[in-house]
Amino acid sequence: MTRRAVTKLTFYGGVAEIGGNKILLEDRDARIFLDMGAPFDLGEDYFVEFLGPRDRFGLRDYFALDLMPRIPGLYSAEALLPTDMAYEPPAFSGIFITHVHYDHTQHLRYVDPTIPVHLGEGARTILESLDTTARTPMMRLGSHAYATFRSGQSTTLDGVEIEPVHVDHSAPAAYGYLVHTSAGTVAYTGDLRHHGPMKRLTEDFIEAARAAKPIALITEGTRVAPDDPRGSLAEADVKENAIRLLGSAKDKLALVTFPGRDVDRIRTFFETAQAVGRKFVANAKTAHLLMTLKKDTHIQVPDIAKESDFFLYDRQMRKVDPWERELQDKLGDRVVTAEEMAKRPSEFLVQLDFWHLPELVDLRPPAGSPFIHSKSEPFEEDDVNDAVLQHWLDRFHLRRHQLHASGHLSEREVGEMIRAIDPKIVLPVHTEHPERFTQIARHVVQPDRTRPTELP
Ligand SMILES: [Zn+2]
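Conventions adopted
Residues numbered from 1 in each chain as written. Predicted model: local features only at pLDDT ≥ 70, side-chain atom pairs only at ≥ 80, totals over all residues. Heavy atoms only, no water. Salt bridge = Lys/Arg side-chain N within 4 Å of Asp/Glu carboxyl O. Helix = DSSP H or I, 4+ residues; strand = E, 2+ residues; numbered from the N terminus. Buried < 20%, exposed > 50% of the residue type's maximum accessible area, 1.4 Å probe, protein only. Donors = N, O, S within 2.8 Å, 3.2 Å for Na, K, Ca; no water. Tetrahedral: all angles 85-135°; square planar, octahedral: opposite > 155°, others 65-115°. 1 Å grid on protein atoms, 1.4 Å probe; cavity = no way out; pocket = protein on both sides within 12 Å on 5 of 7 lines; lining within 4 Å. Points joined across faces, edges and corners; volume = space filled by probe spheres on them. Nonpolar A, V, L, I, M, F, W, Y, C, P; charged D, E, K, R; others polar.

## Examining the pattern of salt bridges
For the coordinates displayed, the defined rule picks out 28 salt bridges. When the shortest N-O distance is used, the salt bridge between R150 and E121 registers 3.1 Å. Of this pair, R150 sits in the loop between β6 (145-149) and β7 (155-157) while E121 sits in helix α4 (residues 121-133); the two residues are 29 residues apart in sequence, bridging distant segments of the chain. For R150, a relative accessible area of 21% puts it in the partly exposed group. By relative accessible area, which is 31% here, E121 ends up partly exposed. One salt-bridge network, held together by shared partners, links D168, R193, E235, D262, D264, R265 and R267.

Here it is, written out as structure tokens:
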């Protein structure tokens, strides 16, 4: 590899969009990727519902439609074989993942499996569970040369030290990074919040970044927006409100939907169920995630093998995957069907995801039963899925309650963080409103998707 005189950043994703972060940092011999996510709206001009790219042809459709960047030395031979781009041996020192969310990990799927992927130990465990329980091959990341760390354990690759510092986010084992380059330190927030149960972690990151006197701060800005539909509840408020709400719905069936990778939220609703004397009924993916995380002693999760209030939803599938069968065997008489819940609705708090809405036919919830929507509110008024959800709720006379704590700093908190860290320049990513950063920070440099940003 040739020696580079300048340190530079190339933003292949996350520019003026929420998610899809894919940031290349080059410093002398080191070529390091920060995250490898897919944008949530990737290809939405061409694909909808069951019309998707042809996965059997790897990256062919993505390249033909200019949906993915052609980066030599990044992709696997398998992903490139059906395309017009020739395979080249790996040309990167490593990839550092901040956390397990789709918009930071999903394009690992196409990455050469010999490129080292560095991530927190807990994050590795979660990805393992997600790969096992994925119902479609498109959702699997495949095998990679994973290398795990715990907070503060630095790695040096091709002369550059990368220091992970834990942050609080709506997925456990989330990190920001301090990359100590020849030009100075580049700090990267990943996604973070300051109102979760572990807000201390985010404070640790801000303090470590401040102390490193960074030349650049790459920061998320999900909630940096003219109006903030994500609200300002804290995780503890979600639980408190849910307990109050279920306390006044005694004869009803209680239903809830939440983001699948949010372990704090799973715990919140498990504890809510316990507080109001109901059994918590989780779907198989949630149960598998908790069982797998039990191996990682640093992440607090209910022990589903022992908790007598934890039940597994049996959707009576014609074919049960081996991992699900194993769960059913493990939980024994704590496996419950819709029919059984319909007989005693007041005893359960049931996780019911969008894709499982037809279960309502058999759950037969009493009219007026609460349905807690514990996710972001839909951002667009013509959200098709949300309209469909509402039709189901109307049909079964369910009461919809919005209870969600965001995984992200508010605009004010982003401004406070930037002032505390006091970097030489600020590069906004993971935001739909990068232009607003000039109102909350000085020395804002807008990342450009087409050309690298050279660091002074
Ligand atoms: Zn994200």
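## Digging into the coordination of the zinc ion
Here the zinc ion is held by D103 (OD), H104 (NE2), D191 (OD) and H430 (NE2), and the distances to it run 2.1 to 2.2 Å. Bound by 4 donor atoms, the zinc ion shows angles of 86 to 175° at the metal and therefore irregular coordination geometry. When the donors of the zinc ion are listed by position in the chain, the intervening gaps give D-H-x86-D-x238-H. Taken together, the residues span a long stretch of sequence, with H104 in helix α3 (residues 102-105) and H430 in the loop between β19 (425-429) and α14 (437-440) at a distance of 326 residues.

## Re empty space enclosed by the protein
Under the criterion given, the structure shown has 1 cavity of 30 Å³ or more. The space that makes up the largest cavity amounts to roughly 40 Å³. Among the elements that take part in the lining of the largest cavity, α4 stands out by supplying 3 residues, more than any other. For the lining of the largest cavity, the per-class residue count stands at 4 nonpolar, 2 polar and 2 charged.

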